Amino acid sequence: MANLMSPIAGKVIKINVKVGEEITDEDAELFIIEAMKMENTVFCEDLGTVKEIKVNVGDRVQEGDILAVIE
Amino acid sequence: MLIFRMIQSMGQGTAFANFTLAQIMMLCFGVLFLWFGIVKKYEPFLLVPLGIGCILVNIPGTGLMAPGGLLFDNYQGIALVIYPPLIFLGVGAMTDFGPLIANPSTMILGAAAHLGIFVALIGAKLMGFTIAASSAIGIIGGADGPMAIYVATKLAPQLLGPIAVAAYSYMALLPLIQPPIMKALVPLEERKIAMQKLRPVSRREKIIFPVMMIFIVLILLPPIAPLISCLMLGNLIRECGVMERVSVTIGSVFLDIVTVFIAVAIGSTMSATNFANVQTLKIVLLGLLAFCVGSASGLLWARLMCKVSGGKINPLIGSAGIAAVPMAARVSHNVGIQYNKRNYLIMHAMGPNLAGVLGTAVAGGIMLTLLGVK
């Protein structure tokens, strides 16, 4: 089990995964977080199945906040 | 015959009879600014009012720029140093100084990237400008619009139009100007460096910072007191946490409105006699030189810091040491991401970027102090 943490502080503007989805591609663009009016893509750190998504579109996150749990 | 004479005198009273070639050229510039703002969406907040100001001032016979005229009165906002501090108030309210407080060593980059100011100053002096005018031209290299306007108003008001236009144009063009310099000066391996997470900054630190800055800057460099005190007041309103409504308003709506006024005022300095000459061309060239040298020296210092820190600092953040917030930091981030998709340099680059704002203010303060301007 691994926590996917936000690499940057900003606002979640897009979530491209669903709970239960398996991530097989290292370059899958899981989350889009807006910071300083720029869209930043969050990639996964480990491949696996999405157990839980901890944020909603529109949430403000800090650097290091948990976005999702991947098993 | 009477009717003929009446028509003739009406004709002479309209603008058509009085246009000069230079004015028609400036009108074309005005329309070009509008086109870039509206069609190309380059800095529309700035270019649309600037274009209108430029058009208004170049139509002869309106008297708008004569004492008592609309544009003349609006220009007093710059001449009497009212608008630039108000802009800084708004900028303070929308700026989070956290990345600078978290990593104060980036302050060095904010200073290093200001070499461009002094190189352009020397260049301008060699081209035959007075020392006061050269200093005002040099400050373009700081990439800080309100500061450039402030220093130009104090040192060389006749050059305000070209200086402000050069400063704002190059800020908008940063994504074209900086990347080639960054790629030339930073080796591939260093461009890939990912930086460690910034430490969290407490609310208390964020409140103490603006108050402390007011004391330090005002005691050491009184000439820039109007700008820095407003910047820090705006920031304190943001960070104190008990004035949220005011903070949001001055950081957005208020700032946008003052920007319209200041942009019209800059546009209204672009009369044909002030603008359509060789001096403007020299200023535009010197401004570009200042931007390039500043970016380069920031990058080279960052490479040194990278070596000293044992590879913990990505040198790409060095070019963010010029004060264009947050454009320069975005350029660092975007170049970084080309070489390492998982590299998020934006917040790290904000440190030197914010230091750059203070650096430009300090450089301007030093110039005003040395030249004895109150």
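For the structure itself, look to the data block above.
Figured I'd write up the structure that's included with this text.

Reading guide: rules and limits
- Residues numbered from 1 in each chain as written.
- Chains lettered and ligands numbered in written order.
- Predicted model: local features only at pLDDT ≥ 70, side-chain atom pairs only at ≥ 80, totals over all residues.
- Heavy atoms only, no water.
- Pairing = 2+ DSSP bridges.
- Helix = DSSP H or I, 4+ residues; strand = E, 2+ residues; numbered from the N terminus.
- Expected span 1.5 Å × (residues − 1).
- Buried < 20%, exposed > 50% of the residue type's maximum accessible area, 1.4 Å probe, protein only.
- 1 Å grid on protein atoms, 1.4 Å probe; cavity = no way out; pocket = protein on both sides within 12 Å on 5 of 7 lines; lining within 4 Å.
- Points joined across faces, edges and corners; volume = space filled by probe spheres on them.
- Nonpolar A, V, L, I, M, F, W, Y, C, P; charged D, E, K, R; others polar.

1. Considerations on the pairing of strand β6 (residues 48-53) of chain A
The side chains of a regular strand alternate between both faces of the sheet. All names here are of chain A. Bridge count for strand β3 (residues 22-23) against β6 is two bridges, and the pairing is antiparallel. Considered in β6, the bridge of E22 is made with T49. Relative to strand β8 (residues 66-70), β6 runs antiparallel, the two sharing three bridges. For V50, the partnering residue across the bridge sits in β8 and is I70.

2. Considerations on helix α21 (residues 346-370) of chain B
Residue and element names in this part refer to chain B. Relative to the 36 Å expected for 25 residues at 1.5 Å per residue, α21 spans 36 Å between its end C-alpha atoms, a close match to the ideal helical length. Across the 25 residues that make up α21, a large majority, 21, are buried. One or two residues past the end of α21 sits G372, with phi positive at roughly 70°.

3. A word on empty space enclosed by the protein
Residues and elements named next belong to chain A. Scanning the entire structure with this criterion turns up one cavity of 30 Å³ or more. Volume-wise, the largest cavity comes out at about 40 Å³. Taken together, A2, N3, L4, E45, D46 and I70 make up the full set of residues lining the largest cavity. Considering every element that reaches the lining of the largest cavity, the biggest residue donor is strand β1 (residues 2-5), with three residues. Taken together, the residues of the lining of the largest cavity break down into three nonpolar, one polar and two charged.

By themselves, these are just geometric observations and shouldn't be taken as functional.
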